[in-house]
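# Summary of structural features
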Amino acid sequence: MGPHPAVAAIRLAVRRVLHDILTEHPPAPDTRRAPASGAARPATPGAERVPAPGTRRTPNPAQPPHEQPSTPLVLVACSGGADSMALASALAFEAPKLGIRAGGITVDHGLQPGSDLRADEVMLRLTELGLTPAECIAVTVGRDGGPEAAARDARYAALDAAAERHGATAVLLGHTRDDQAETVLLGLARGSGIRSLSGMAAVSGADGRYRRPFLHLDRQTARKACMVQSLPVWDDPHNTDPAYTRSRLRHEGLPALEKALGKGVVGALARTAQLSRDDADALDAWARQAEASVRDAAGLLECAKLYALPPAVRRRILRRAAIEAGAPAGSLFARHIEEVDRLITGWRGQGAINLPGKVVAQRQGGRLVIRQG
């Protein structure tokens, strides 16, 4: 008898992603050899890697620095919740069969009493699954963008640092189809355009570092997989706290939509995300190709040529130019780009437009100049 259908589903999702990773990053030839006579080496094994401040790790056999593994390392980001525990268990099962090394990282945000103890418990569970390295990283959450955005920024910074430190090829994230539906609705509420409606990408980050195997699986499948494998899970109280927008959407907004529109809303929103992403990717590619044709010999944007482009393409070029001038992408909203766009489509002699990051957009002699103010 095979595994429970929920377990089979999560393992298949992870297996597909691991195959993709091996295709994109085939194992390097094994060039391990003993160091030459007289070659310098650290006095203690593992001394070449210094843990980041706030990092706690389970002990694991140290590897001499001259023995560089030839197989890729894949990490799983695990909070201890059902989604990420299911993902960790599937990675631990599938990775060895493909010759991939697998480790786990949990991030302690320090936002709740006893969070450090819970993080240590998660780290122990990762170790029990056979994942190594297994680390807990404590972070300090700032205030920029609100509590949810600040926690997310701190978490991704810690995961990026861990991936760099260990030389990991990829980091797996446990976002499900339900998370995708919530992300689409949040983007719709912000009125941020088609890119926000495209939700989370299956592959994102520098060099495709982040992978989301569960975007086509629902949250209940992951929870069921944990239950039948007797995996303990931790339910974050923040996920039910109405003070958080996503929590209200999860427990009030989506159920209300399903009551009004019937079951299938989550799946429909997830499909909307994929369709929107395909459209947004095509428009981004069009904008990249068109950008060279609307710049003069000095590299300045020509207003008349910009005006001739479709609005969706033109605004992408304007956004890209603002970011290149120093405007933070996360602070650059649709209303900013609309104001800059009016310098092209509604020119009546208006003054410069101030953008985030002390960037200024101004029309001068038929050219659009975007620079640091």
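For the structure given in this document, a descriptive report is provided here. Fair warning: this is a prediction, and the values are worked out from it, not measured in the lab.

### Some points on helix α9 (residues 265-291)
Taking 1.5 Å per residue, 27 residues should reach 39 Å; α9 reaches 38 Å between its end C-alpha atoms and fits that length. Restricting attention to buried positions, one finds in α9 the residues V265, V266, G267, L269, A270, A273, S276, R277, A280, A287, A290 and E291. Along its buried surface, α9 packs onto α5 (177-190), α6 (194-197), α8 (245-261) and α11 (311-324).

### Digging into the pattern of salt bridges
Inspection of the entire model under this criterion finds 27 salt bridges. A salt bridge links E94 to R15; the shortest N-O distance between them is 3.1 Å. Remark: R15 occurs in helix α1 (residues 5-24) and E94 occurs in helix α2 (residues 82-94); sequence separation between them is 79 residues. Across the salt bridge formed by R209 and E164, the nearest N and O atoms sit 2.5 Å from each other. Of the two residues, R209 is situated in the loop between β6 (203-204) and β7 (210-211) and E164 in helix α4 (residues 147-166); the sequence distance between them amounts to 45 residues.

### As for the packing of aromatic side chains
Going through the model one piece at a time under the given rule, you end up with one aromatic pair. On the basis of an interplanar angle of 85° and a centroid distance of 5.1 Å, the ring pair of Y156 and Y210 is categorised as edge-to-face. On the criterion of sequence distance, the pair formed by Y156 in helix α4 and Y210 in strand β7 is long-range, its members being 54 residues apart. This pair shows no difference in class: Y156 is buried, exactly as Y210 is. The ring of F93 carries R11 above its face, with NZ or CZ at 3.5 Å from the centroid.

### What about the pairing of strand β2 (residues 73-77)?
The buried fraction of β2 amounts to five of the five residues, a majority that puts the element mostly inside the structure. Here β2 shows no split at all, with L73, L75 and A77 on one side and V74 and V76 on the other all buried. For β2 and strand β3 (residues 101-108), the ladder comprises five bridges, and the chain directions are parallel. By the bridge assignment, V74 is partnered in β3 with A102. Taking the sense of rotation as the criterion, the β-α-β connection linking β2, α2 and β3 turns out right-handed. Inspection of the sheet shows β2 paired to strand β5 (residues 170-172) by three bridges, in the parallel sense. Considered in β5, the bridge of L75 is made with V171.

### Focus on the sheet that holds strand β8 (residues 301-302)
Spatially, the four strands line up as an open sheet ordered β8-β11-β10-β9, and their pairing is antiparallel. Edge positions in the sheet fall to β8 and β9 (353-355), since each of these pairs with one other strand and no more. Where strand β10 (residues 359-364) meets strand β11 (residues 367-372), six bridges bridge the pair, whose relative direction is antiparallel. Residue A361 lies in a different strand from β11, and its bridge partner there is I370. Lying on the sheet, α11 is in contact with β8, β9, β10 and β11; it crosses β11 at an angle near 35°.

The rules we used
- Residues numbered from 1 in each chain as written.
- Predicted model: local features only at pLDDT ≥ 70, side-chain atom pairs only at ≥ 80, totals over all residues.
- Heavy atoms only, no water.
- Helix = DSSP H or I, 4+ residues; strand = E, 2+ residues; numbered from the N terminus.
- Expected span 1.5 Å × (residues − 1).
- Buried < 20%, exposed > 50% of the residue type's maximum accessible area, 1.4 Å probe, protein only.
- Contact = heavy atoms within 4.5 Å.
- Salt bridge = Lys/Arg side-chain N within 4 Å of Asp/Glu carboxyl O.
- Phe/Tyr/Trp six-rings, centres within 6.5 Å; stacked < 30°, edge-to-face > 60°.
- Lys NZ or Arg CZ within 6 Å of the ring centre and 35° of its normal.
- Pairing = 2+ DSSP bridges.
- Right-handed = clockwise from strand over helix to strand, strands pointing away.
- Axes fitted to C-alpha atoms, helices over the stretch in contact; angles between N-to-C directions.

On their own, these measurements won't tell you what the molecule is for.
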